[in-house]
Amino acid sequence: MDIRENLPFIDPESLSPQDVLAVLLHLFQQKPGFIDRGHEINNKETAWVNAFLFRLTPANEQDGMEAFVVEVIGSSVDRMANLRSES
């Protein structure tokens, strides 16, 4: 995904915590069946989505173009319990 094309309001060279969350949610919403049960800004690299902590890491694609890789850092049982109680 080209961030500048799909999310023109985001500067991929200077991501804010809100930008990281916006990119992650945009990517997840492309997946069939994705339901946003809760999200939370964490910092300029990570954000919580559905009680999982994801990191957006700059990388290069095979053709040398700049890209981002989404990594799962971990999950939170407490956040999962909160999601279940709010549903």
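Every value quoted in this text rests on a predicted model; they were computed, and no experiment measured them.

A. Summary view of helix H2 (residues 17-29). Relative to the 18 Å expected for 13 residues at 1.5 Å per residue, H2 spans 18 Å between its end C-alpha atoms, a close match to the ideal helical length. For H2, the secondary structure elements touched by its buried residues are helix H1 (3-6), strand S1 (39-41), strand S2 (46-49), strand S3 (52-60) and strand S4 (66-75).

B. Representation of the side chain of Ser 76. Mapped onto the elements of the fold, Ser 76 is located in the loop between S4 and helix H3 (77-86). Setting aside its immediate chain neighbours within four residues, Ser 76 contacts Trp 48 and Ala 51.

C. Structural detail: the sheet that holds S2. Taken in spatial order, the four strands line up as S1-S2-S3-S4 in an open sheet, and their pairing is antiparallel. Only two strands of the sheet have a single partner each, and these edge strands are S1 and S4. Averaged over all neighbouring strand pairs, the angle between strand axes comes to 30°, with direction disregarded. Of the strand pairs in this sheet, S1 and S2 are connected by three bridges, and their pairing is antiparallel. Across the sheet, the residue bridging to Glu 40 is Trp 48, located in S2.

D. Structural detail: the pairing of S3. As defined by bridge partners, S2 adjoins S3 across four bridges and the pair is classed as antiparallel. Considered in S3, the bridge of Ala 47 is made with Phe 54. Joining the antiparallel neighbours S2 and S3 is a turn of two residues, in which Asn 50 adopts a positive phi near 55°. Taken together, the nine bridges between S3 and S4 define a ladder with antiparallel strand orientation. If you follow Arg 55 over to S4, its bridge partner there is Glu 71. Here S3 folds back onto S4 in antiparallel fashion, the turn holding five residues, of which Gly 64 has a positive phi close to 90°.

Conventions and cut-offs
Residues numbered from 1 in each chain as written. Predicted model: local features only at pLDDT ≥ 70, side-chain atom pairs only at ≥ 80, totals over all residues. Heavy atoms only, no water. Helix = DSSP H or I, 4+ residues; strand = E, 2+ residues; numbered from the N terminus. Expected span 1.5 Å × (residues − 1). Contact = heavy atoms within 4.5 Å. Pairing = 2+ DSSP bridges. Axes fitted to C-alpha atoms, helices over the stretch in contact; angles between N-to-C directions.

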